[in-house]
Structures are given as C-alpha cells and as structure tokens.
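Architecture and fold: a report
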Amino acid sequence: MTDRRMPGQALPLVLGTCAVVIALLFLVYPIGSATLGAFLRNGKPLAIENLTLANFERFLTSGSYQRAFWHSVVTGAASTIVATALSLPMAYAVARAAMPLRSLVLALSVLPLISPPFIGAYAWVILLGNNGIISNLLRDYVGLGLPSIYGPFGVTVALALSYFPYTFLVLQGAMAAVDTSIEEAATIAGASRWRVLRTVTFPMILPSIAAGMLIVFIKAIGDFGVPAILGGEYQVLPTLIYYQIHGFFNLNAAAAIAMVNVALTVLALGALAWINRTRGVATVTGTARRAARPLPAGLRWSAIAYVWLVLLVANLPQLVVVLYSFSERWGDTLLPSVYGLENYRRVMGELGTVVWNTVVLAGAATILCLAFGAVAAHATARGRIYGRWAVDLIIMVPFVLPGLVIGVAYLTAFNEGPLVLTGTAAILILAYFTRRVAFVFRSASAAITQVDRRLEEASTICGADWAMTMRRVVLPLIAPALLAGGILVFATLIGEISVTVLLYSARWKTITIAIYEYLLGNDIAKASALGTVTIVLTLILVAGASRLAGRNMADMFR
C-alpha cells in the first residue's frame, strides 16, 4: 500500500538539500573563486601553470600596498583601543550606578550602529574640519588647534565612535552578569574599590573585553566608507581594493588584497580563541546573587555624566546630519541662520528612484534570508541534514568578513563563466543575502530550539505531514523571531555601502551610493537630506523589530 504522506516526509530532506546547494553556490563558491583568483595574474584563466604569488609579492615590493596594510592595522588597532577605553567606564557605570533612564541609554547607544558610518564621517568634517564648528570655537575662544580631520586622526575617531557600541554592549552584559558576592567578599577582606576592579572584576570580564575588541577591530579594518571620506591620501586595504577595481578593474589584485584583509580577521579570531583558552575564569556559587554595592553619590553622578557625555559625542554626527538637512543658510554661526525644506525638495527627483531601488534590493534579499534562514535553521536544529556544524560555519563566515571582501568575491565569481550577474540586480540581492542571512538564521535557530519537539511529534501523530506541521505549528511559534530578524536584515541593508559600491550599476543605484556621490561632489546639503531619510527609516525599522522580538534595541545588536 502506498504511503500518501511520503512526499511530505521527504520534503524536509529536499529542502535541506536545497539549503546546502544554495549555501555552496552563493556562499562557498564566491569566496572560493576569490581565493583562487588571488593566485592568478589579471586576465589569466584558472590553470595550474598560471598559479602565482605575484599579487601577494606586491605587499613586499610596493610602497602603496605596504602603507595600506600598516594603515589598516594602525587605524584598526587605534580605533579598537579608543572604543574600549570609552566603553569600559561606560559599561561599569550602566551596570553598577543605578543609572536613571537605563533603557533609553541602551537604546541611544546603538544609534551609531544604525546610522551608516560614512554619513557620520562627513559630519565630523562639519564639526572638526579646518573651518568646522568645534574647530572654530576652540581656535577662537581657547586658542587650541586640532589635528587635521583628514588622515589617521579623523579615521580613528570616526571608527571608534561608530563601533564603540559593540564593546559597550558586550561589556555591559558581562558586568551585569558578574556575581557581586565575590566582589563583596574582596571588599570585606579590605580591598579598595579600585583593587577589586583590577584583581576581581577585570579578570572575570577579560574574555568579554577581548570579544568586544575583536568585533570592533574586524569592523574597523573592513570599513570602506569612513576611510573613503576622511582618509584623503591615507589609504587602507578597503580603499586600495576599491582603487584596484574602479581604477584598473584588476579583480585578481583586489582578491589578493581581500585575502590579506581576511588574514587579519582570522588572526584576530585566533587571538580571541587564545585569550579565552588561557585566561578563562569560572565562578562557583550556590547562593543567590546580591545587588552590587552602590557607588558613592559623587562617583555615581560623575558616572552618569560620563555616560551621557559619551552618548552625546557619539551621536553628534547624526544630529549634525539631521540639522544640516534642514539648513538653508549656515555661515560662521554656531547654528544655521535659516531653516527650511529646500534640501529635501532638491533631492525629491532622485529620492524616489534611489529609495525604490533600495527597497526592492533590500526587500528581495530579506525574503531570501527569511526563506533560507528558516529552512536551514530548522534543518540544523532538528537534525534533518548531516554536517550541521558546516552549514552553521558557512552561513556565519560571510557575516564576519568585511563587506568589500564579499563584493570582490561576487565580482570574481559572477563576472564571467556560466553564470554572469555583473551589472544586474541579482548580484546585489545575492550579495546582500550572503552578508545578512546570519541574522535570520541565528534568530530562527534560537526560536526553534525553544519549541518543544513534542508539539511537532503530536502534529505528525495526528496525521499532518512535515509541510503542514511547519505551516500550522512551527512557523506561527517562531514568526515573531523570524519577523524581527527579517526587519533587522532590511534595516541594516538600507545603509549598506561596502558591498554596494563594488557591485551597483547606474540602473540600480541605491540611497547610500547617492549619498556617497553627493559627498564626493561636496554637496553636503543634499547628502544630509538623504542621510536623514536613511537614519530615520532605519531607526523606525529597528525599533519595530525590537518590539516584535520583545527586546531592547541594544539586545538586537548583542
């Protein structure tokens, strides 16, 4: 007798297989093509006799390559140190100082992540440029001159203030989780507050410090927008990649530079693994955790003032962008003398096209992420496919890699051969999918693991096949997590530039490319108007995702 449920029972295997095929074709294949392309001279076909180290030898012989490499290391390390220095006291204050409006503080802390860094980078020119607002105030009233905003100083400051929320969120969570009874015991034994911090608290959160620093370093060395705006002649690896492609269309040289960028990322990951292995700390306690010892009133108010000062400085670029978008006349005064909507009227003709392109591309990529992420998460969580760890790794690696590396990978893989996608919307959609599918995959995986297997088993016993069980049981239960992950994907893709700047065509220009072109043309007013639209739209979407997930906006980026 034929089992009519067999097609339904085979469906998860088919979908799991499709997920693996998609992962291999659009995640593994592009990165593999870029890796192989790095060992070929420009224009040479793939063959054993054509393999060479010539592209990598330029790092030993070319001054521009060497400078870009060390500039990336220096600005990446410097911005990481600055971000950590800002985050440590801030995290301690939020975790221990009975912070008023704590939820608002956490929400405001993620605004620099929501706003594309390159938008804020130009705001620093308005603030700290040769004729910037702050520069003029300091020069006129204090007699203090600041270093040029163009070059290592500006790049480091902009990167640190853009990415410090990563270290802050990680450290704040780690400090809040520390068992305060251990600190209390050290205090009773006679240790001062500073000694408790140095000998007890700090060693326990050291792995979290390393993790936060790693995230900032990886983001900083892979950032294109900030060095492109503020770097000037100070070239880094991402801008060198852009120059090789847009200047010479030398995909092989760009792939080699991208692999060096990846090597820096891998070294950072290795350093984190070593720190976690050698400096791991565990606490064993059978008592309930007590509240932390309150800070003295003076120290508490100083901590609160410091937190709000950091938030103000970090969000100042976003405020300047919004303010500039409404300014119609801004001379040497501290604030604009005339406000209006003229800047928005000036961009209205282009706004519709670039916003539509952005919505279409980001929306299509989000749909792909939702479909693939849900299927892959269920397949790995419920054991439908073999090598679950490999699928997890394949999905997460592109998320960690810099955006320009993914852009180079897609250009290398789909510029020629059986599947040519260069210049089409498809190459952007698939690259976006590759970069952001981890959001949905992780969100769906966490939600599925919270669904009791017995619910699915009960559905099967009642006669439902796998597809009906997924549609009637699993999907309704994980829908909030899926929707939150999808909105987060869409929101972050609105401000995506690292991938877009390599893959877009005139037909598919996005809002970030339009802003970038305005900035290069020194039309700050139009750039600010489009930048404000981007910031507001992204903020609304992220806030909506946090409400759906029932989590603070800060938790969405942990």
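Procedures and definitions
- Residues numbered from 1 in each chain as written.
- Predicted model: local features only at pLDDT ≥ 70, side-chain atom pairs only at ≥ 80, totals over all residues.
- Heavy atoms only, no water.
- Helix = DSSP H or I, 4+ residues; strand = E, 2+ residues; numbered from the N terminus.
- Buried < 20%, exposed > 50% of the residue type's maximum accessible area, 1.4 Å probe, protein only.
- Areas by Shrake-Rupley, 256 points an atom, 1.4 Å probe, with all protein chains shown as cover.
- Expected span 1.5 Å × (residues − 1).
- Contact = heavy atoms within 4.5 Å.
- Polar contact = N/O pair within 3.5 Å; in protein donor to acceptor, adjacent residues only side chain to side chain.
- Axes fitted to C-alpha atoms, helices over the stretch in contact; angles between N-to-C directions.
- Parallel < 35°, antiparallel > 145°, perpendicular 65-115°, else oblique.
- Left-handed = near helix turned anticlockwise from the far one by under 90°.
- pLDDT = per-residue confidence, 0-100.
- Salt bridge = Lys/Arg side-chain N within 4 Å of Asp/Glu carboxyl O.
- Nonpolar A, V, L, I, M, F, W, Y, C, P; charged D, E, K, R; others polar.
- 1 Å grid on protein atoms, 1.4 Å probe; cavity = no way out; pocket = protein on both sides within 12 Å on 5 of 7 lines; lining within 4 Å.
- Points joined across faces, edges and corners; volume = space filled by probe spheres on them.
- Bend = angle between axes of the 7 residues up to and from the residue.

Digging into the overall build of the protein chain
Helix and strand content of the protein chain: 23 helices and two strands. When each of the 558 residues of the protein chain is scored for burial, the buried share is 52%. Split by element, the accessible area of the protein chain, about 25100 Å² in all, is 66% carbon and sulfur.

A few points about the side chain of Ser162
One can find Ser162 in helix α8 (residues 152-177). Given a relative accessible area of 10%, Ser162 falls into the buried group.

A closer look at helix α12 (residues 237-248)
Relative to the 16 Å expected for twelve residues at 1.5 Å per residue, α12 spans 16 Å between its end C-alpha atoms, a close match to the ideal helical length. Listed as buried for α12 are Leu237, Pro238, Thr239, Leu240, Ile241, Gln244 and Ile245. Downstream of α12 by a residue or two, Phe249 has a phi angle that is positive, lying close to 45°.

What to know about the environment of Thr80
With respect to the secondary-structure elements, Thr80 resides in helix α3 (residues 63-96). For Thr80, a relative accessible area of 4% puts it in the buried group. Sequence-wise, Thr80 and Met213 are 133 residues apart; in three dimensions their C-alpha atoms are separated by 5.8 Å. Those residues in contact with Thr80 that lie beyond four places of it in its chain are Met213, Val216 and Phe217. Here Gly76 takes part through its backbone oxygen, which lies 2.6 Å from a polar atom of the side chain of Thr80. Reaching out from Thr80, the side chain makes a polar contact with the backbone nitrogen of Phe217 at a distance of 3.4 Å.

A word on the packing of helix α6 (residues 117-128) against helix α22 (residues 511-520)
Running from N to C, α6 and α22 cross one another at 20°; their axes reach a closest spacing of 10 Å. By the criterion of interaxial angle, the relationship of α6 to α22 is roughly parallel. In this structure, α6 crosses over α22, and the sense of that crossing is left-handed. Contacts between α6 and α22 pair Phe118, Ile119 and Tyr122 from the former with Thr512, Ile515, Tyr516 and Leu519 from the latter.

Structural notes on the confidence of the model for the protein chain
When pLDDT drops low, the exact placement of atoms in the prediction is not to be read closely. Mean pLDDT over the protein chain works out to 81, with 87% of the residues at or above the 70 mark. Per-residue pLDDT, averaged within each element of the protein chain, yields its smallest value for helix α9 (residues 180-188) (69) and its largest for α3 (91). Low pLDDT, under 50, characterises residues 1-8; the predicted model gives this stretch four contacts beyond four residues in sequence or across chains.

Points about the pattern of salt bridges
By the definition in use, this model includes five salt bridges. Between Glu517 and Lys509 there is a salt bridge, and its shortest N-O distance comes to 3.1 Å.

A short note on the packing of α3 against α12
Orientation of α3 relative to α12, taken along the N-to-C sense of each, is 140°, at an axis distance of 8 Å. For the pair α3 and α12, the contacting residues are Tyr65, Ala68, Phe69 and Ser72 in the first and Leu237, Pro238, Leu240 and Gln244 in the second. When its residues are assigned to classes, the contact of α3 with α12 shows six nonpolar, two polar and no charged.

A closer look at empty space enclosed by the protein
Under the counting rule described, the total for this entry stands at three cavities of 30 Å³ or more. The computed volume of the largest cavity comes to approximately 70 Å³. When residues of the lining of the largest cavity are traced back to their parent elements, those giving at least two are α6, α8 and α14 (297-325). Sorting elements by how many residues they give to the lining of the largest cavity places α6 first, with four residues. Looking at the lining of the largest cavity residue by residue, the class counts come to nine nonpolar, four polar and no charged.

Side note on α8
Between its first and last C-alpha atoms α8 spans 36 Å; for 26 residues at 1.5 Å apiece the expected length is 38 Å, and the two agree. Within α8, the axis deviates most sharply at Tyr163, by approximately 45°, and proline Pro165 lies no more than four positions further along.

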